[in-house]
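The lines below spell out each chain.
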Amino acid sequence: MENLKLVDAFTDFVEESTLPYRQMMTYYNCALMEVETKFKVLNEQFSLFYDRNPIESIHTRIKSQSSILKKLQKKNLALTIPNIENNLFDIAGVRVVCAFTEDIYSLVNSFLSQDDVRLIEKKDYIQNPKENGYRSLHLIVEIPIFLSDEKKWIKVEVQFRTIAMDFWASLEHKIRYKKNLSKERLDEIDKELLECAQICKTLDEKMEEIKTGN
């Protein structure tokens, strides 16, 4: 029922602001294409110089309407275009999955050194994992998109993970948010997932050692 109310609220908003909303979402989609292209170029360059591709996969997504509305409500903000643009920095999201942890930091440094990338925020959950074991490196950046008559700076969230980090995060979400589980079982799952996160961390470290020959 709550989800239906959210959908109805967003539908009303879109109908009232059809063109501005469509323009905004188009800008986010364009920003995703720009960022994705940047990483594809970096991947080709790394392949040329180091004879391997550091990027295993690149995934892009636009936050769903219900997620946008929920996040605004959590911040006690009205559903308006300015509130979305000025307060939600993860509408457009890119996830870059790498083979090795070292590749993540090399890509981040190369990406942030580009003169048309503005760093807004950086959170390193690889060096400082979340309490539940989650590991990743998050950036909020602004990049320009070039339109027919103007240039606009658009915020994009970029997440970097190794294959092991991505494996854990994807399955954690599916397992942790099952419905109708008792608090006792949820506590057990949290403990088991934390143990799995440590195993994934050890796996990343071991693979790094094998790669470097140590």
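The shown structure was predicted, so the numbers you read here are calculated from the model rather than taken from an experiment.

Draft legend 1. Layout of the confidence of the model for the protein. Residues at a pLDDT of 70 or more form 91% of the protein, whose mean pLDDT is 90. The weakest mean pLDDT in the protein belongs to helix α1 (residues 2-16) at 61; the strongest belongs to strand β3 (residues 118-124) at 98.

Draft legend 2. Representation of helix α7 (residues 183-212). Taking 1.5 Å of rise per residue, the 30 residues of α7 would be expected to cover 44 Å, and the 44 Å separating its terminal C-alpha atoms lies within 8% of that figure. Elements in contact with the buried residues of α7: α5 (101-112), β5 (151-162) and α6 (163-176). Among the residues trailing α7, G213 stands out with phi positive, at a value near 80°.

Draft legend 3. Representation of the state of the cysteines. Across all of its chains, the model carries zero disulfides by this definition. Summary of cysteine pairing: C98 is not part of a disulfide, and the nearest cysteine sulfur, belonging to C200, is at 16 Å. Considering cysteine sulfurs only, C196 is the nearest to C200, which forms no disulfide, with 6.9 Å between them. Accessibility expressed as a relative area gives 10% for C200, which makes it buried.

Draft legend 4. A look at the nonpolar core. Ranked by internal contacts, the top residues of the largest apolar core, which has 38 residues, are F39, V96, F111, V156, V158 and F160. Of all elements in the fold, only α2 (18-50), α3 (65-74), α4 (81-87), β2 (92-98), α5, β4 (137-146) and β5 reach the threshold of two or more residues within this core. Of the residues forming this core, the biggest block, eleven residues, is contributed by α2. Setting aside chain neighbours within four positions, we find V156 in contact with A31, L32, V35, F89, A92, V94, L139, I140 and V141. If you look at the next biggest cluster of nonpolar residues, it comprises nine residues, including Y134, W168, A169 and L193.

Draft legend 5. Quick peek at the pairing of β2. Extensive coverage of β2 is indicated by the burial of six of its seven residues. Sheet topology places strand β1 (residues 55-62) next to β2; seven bridges connect them, and they run antiparallel. Bridging across to β2, S57 finds its partner in V97. Inspection of the sheet shows β2 paired to β5 by six bridges, in the parallel sense. The partner of V94 across the bridge, within β5, is V158.

Draft legend 6. Just the environment of P144, in detail. When you line up the elements, P144 lands in strand β4. The spacing of P144 and I154 is ten residues in sequence and 6.2 Å in space, taken between C-alpha atoms. Discounting chain neighbours no more than four positions away, the residues touching P144 are E34, D116, K151, K152 and W153.

Draft legend 7. Inspection of the sheet that holds β4 at higher detail. Pairing is mixed in the open sheet, where five strands are placed in the order β1-β2-β5-β4-β3. Across the chains shown, the open sheet's two edge strands, defined by having one partner strand only, are β1 and β3. Adjacent strand axes in the sheet meet at a mean angle of 25°, parallel and antiparallel pairs treated alike. Alignment of β3 against β4, held across six bridges, turns out to be antiparallel. By the bridge assignment for β4, D124 is matched with L137. Most of the contacts of α2 go to β1, to which it runs at about 175°, and overall it touches β1, β2, β4 and β5.

Conventions and cut-offs
Residues numbered from 1 in each chain as written. Predicted model: local features only at pLDDT ≥ 70, side-chain atom pairs only at ≥ 80, totals over all residues. Heavy atoms only, no water. pLDDT = per-residue confidence, 0-100. Helix = DSSP H or I, 4+ residues; strand = E, 2+ residues; numbered from the N terminus. Expected span 1.5 Å × (residues − 1). Contact = heavy atoms within 4.5 Å. Disulfide = S-S within 2.5 Å. Buried < 20%, exposed > 50% of the residue type's maximum accessible area, 1.4 Å probe, protein only. Core = buried A, V, L, I, M, F, W, Y, C linked by side-chain atoms within 4.5 Å. Pairing = 2+ DSSP bridges. Axes fitted to C-alpha atoms, helices over the stretch in contact; angles between N-to-C directions.

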